[in-house]
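# Commentary on secondary and tertiary structure
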Amino acid sequence: RTRVRLVRARPWPHTRGCAVEMMSMTMRASVSHACAVRLPRHRHTASAKARGRVAAHAAAVKPWKANDCKLVLEDGSVWPGKAFGAKGTQVGEVVFNTSLSGYQEILTDPSYAGQFVLFTCPHIGNVGINLEDMESKQVHLGGILVRQEALNVSNYRSAMTLDAYLKEQGVIGISDIDTREITRRLRETGCLNGVLTTDMSVSDADLVAKAKGYDIVGKDLISEVTCSEPYEWKDTTGEWEFSAEAKANKEKFNVVVYDFGVKHNILRRLASFGCKLTIVPASYPADKVMAMNPDGILFSNGPGDPSAVPYAVENAKALLGKLPVFGICMGHQVLGQAFGGKTFKLKFGHHGGNHPVRGPSGAVEISSQNHNFAVDPKTLPSGVQVSHINLNDGTCAGMVWPEMKAMTIQYHPEASPGPHDSDVCFADFVNMMKAGK
């Protein structure tokens, strides 16, 4: 039976009422019976032995899962939580993403290679994993950090749970950690390296040392995610097409895409505008690209430090001015260096689907972004125009160099996930190729 006692609650503004305190006598009796110990009415008369037996039984039958993994950051902080996905130990740079949807696209975005993604959205996994929304063939990030893993999946397109997918991909997940506090820490101190492990026997000190030994600066991560041979892209947006410009375009263009870790939806957007796409490895020689007789070249998104890929910069230099070129994210940074500029690392990067950007017309776009480095506009030559500005921190978010037939965008105009404000960039690139014919 249950005894209900009404307790006066503290009155809050515009509200008055009572809180209900419920004490289950049935629960107390069941624990006593299971332990073969009769609980006395007054706690102080119980023997120490009886209390010990009750405590031992209660510990053995906890209705919740115990912490079985931990995140250790290089600043020495330790965050125990509950594991899902694969088991093991992984090291990476911790970044936070503020998107409220699209966790599957984030998981499969190659730009997150070498990083752990902390989701500020508290529930992750609600719609499971489907087979159509992948941005690449596999998960490239090192681990995911969430406040709560959704245990119930509800979506007609779902093919498996998030937990099952991460196990299949060999990626570690941790839940039931204070993602809000970690996000605050990252905003105040900047990106922190961390170690995620399901091996609770390893000391915190050893894990801190491992985290301090990792550094994404100077790492060529593009070579880990690029394709090995050229291939032709076939898929289009099909029934998902939303752009009037794409539907109206009847011309065909031959576009070569440098794969620095390209997302599938970037390729789908270009294909929807009538582009025949040939994807080539990140180090593919410029002369072989020109031999394909392209109408334009795309330098794609990708992970890591743009200053660590000089071979990509040299290819970009060799192609500048010969035909229209378009750089997205890492491609923006590679072209920025090919222009003569330099890049630098941001404090905690831009990761999310709600970043305001002012374009050349003065209109503000809400954009989807994912990058930890930026181009320093002070180092650019006089012919280069900074076309887009990130309104959160004033960094360079886009460039054009009319004389060299070049345009770049620091963020993701395909916005998967995210708003479609910036989709016009694909039409701009197509118009540039039309003018060049």
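Below: a short report on this structure. (Residues numbered from 1 in each chain as written. Predicted model: local features only at pLDDT ≥ 70, side-chain atom pairs only at ≥ 80, totals over all residues. Heavy atoms only, no water.)

The next point concerns the pattern of salt bridges. Under the criterion given, the structure shown has 14 salt bridges. Here lysine 317 makes a salt bridge to glutamate 314, at a shortest N to O gap of 3.6 Å. Here lysine 317 pairs with glutamate 314, and both are found in helix α11 (residues 310-319), just three residues apart, close to one helical turn. By relative accessible area, which is 42% here, lysine 317 ends up partly exposed. Three or more residues are tied together by salt bridges with common partners; here these are Asp75, Glu181, Arg184 and Arg185. (Salt bridge = Lys/Arg side-chain N within 4 Å of Asp/Glu carboxyl O. Helix = DSSP H or I, 4+ residues; strand = E, 2+ residues; numbered from the N terminus. Buried < 20%, exposed > 50% of the residue type's maximum accessible area, 1.4 Å probe, protein only.)

Within the secondary structure, arginine 184 sits in helix α5 (residues 179-189). The exposure class of arginine 184 is partly exposed, given its relative accessible area of 42%. With 88 residues separating them in the primary sequence, arginine 184 and phenylalanine 96 have C-alpha atoms 9.8 Å apart.

Attention shifts here to the packing of aromatic side chains. Enumeration according to the criterion identifies seven aromatic pairs in this entry. Both rings, one in tyrosine 258 and one in phenylalanine 299, keep their centres 5.2 Å apart while their planes meet at 5°; by these two values the pair is stacked. Of the two residues, tyrosine 258 is situated in strand β13 (residues 253-259) and phenylalanine 299 in strand β15 (residues 296-299); the sequence distance between them amounts to 41 residues. Per residue, the accessibility class of tyrosine 258 equals that of phenylalanine 299, and both read buried. (Phe/Tyr/Trp six-rings, centres within 6.5 Å; stacked < 30°, edge-to-face > 60°.)

A few words on the sheet that holds strand β19 (residues 385-390). Taken in spatial order, the ten strands make up an open sheet running β12-β14-β13-β15-β16-β21-β20-β19-β17-β18, and their pairing is mixed. One side of each edge strand has no neighbouring strand; the edge strands of this open sheet are β12 (231-233) and β18 (364-376). For this sheet, the mean angle separating the axes of adjacent strands, direction not counted, is 25°. Both strand β17 (residues 342-358) and β18 contribute to a ladder of eleven bridges, which runs antiparallel. Within the sheet, the bridge partner assigned to arginine 358 lies in β18 and is valine 364. Those strands touched by helix α12 (residues 330-339) are β15, β16 (325-328), β17, β18, β20 (396-401) and β21 (406-409), and its axis lies near 125° from that of β16. (Pairing = 2+ DSSP bridges. Axes fitted to C-alpha atoms, helices over the stretch in contact; angles between N-to-C directions. Contact = heavy atoms within 4.5 Å.)

Around the barrel, seven strands lie side by side as β3-β4-β10-β8-β6-β5-β11; this closed barrel has mixed pairing. Across this sheet, the average inter-strand angle for adjacent strands is 35°, counted without regard to direction. Alignment of strand β3 (residues 69-73) against strand β11 (residues 192-197), held across four bridges, turns out to be antiparallel. If you follow leucine 73 over to β11, its bridge partner there is glycine 194. Along the sheet, helix α4 (residues 162-169) contacts β4 (78-85) and β8 (143-145); its crossing angle with β4, the most-contacted strand, is approximately 90°. Each of β3, β4, β5 (89-97) and β11 touches helix α6 (residues 204-212); the most contacted strand, β3, lies at about 50° to it.

Moving on to the packing of α11 against α12. At a closest axis distance of 8 Å, the pairing of α11 and α12 adopts a crossing angle of 65°. Handedness of the α11/α12 crossing: right-handed. Mapping the contact onto sequence places Ala312, Val313, Ala316 and Lys317 in α11 and Val334, Leu335, Gln337 and Ala338 in α12. When the residues that make up the contact of α11 with α12 are grouped by side-chain class, the tally is six nonpolar, one polar and one charged. (Left-handed = near helix turned anticlockwise from the far one by under 90°. Nonpolar A, V, L, I, M, F, W, Y, C, P; charged D, E, K, R; others polar.)

The subject of this paragraph is the environment of proline 294. On the secondary structure map, proline 294 appears in the loop between α10 (286-291) and β15. You can call proline 294 buried: its relative accessible area is 10%. For proline 294 and phenylalanine 253, which are 41 residues apart along the polypeptide, the C-alpha to C-alpha distance reads 7.7 Å. Setting aside anything within four residues of it in sequence, one finds proline 294 in contact with Asn254, Val256, Val289 and Leu323.

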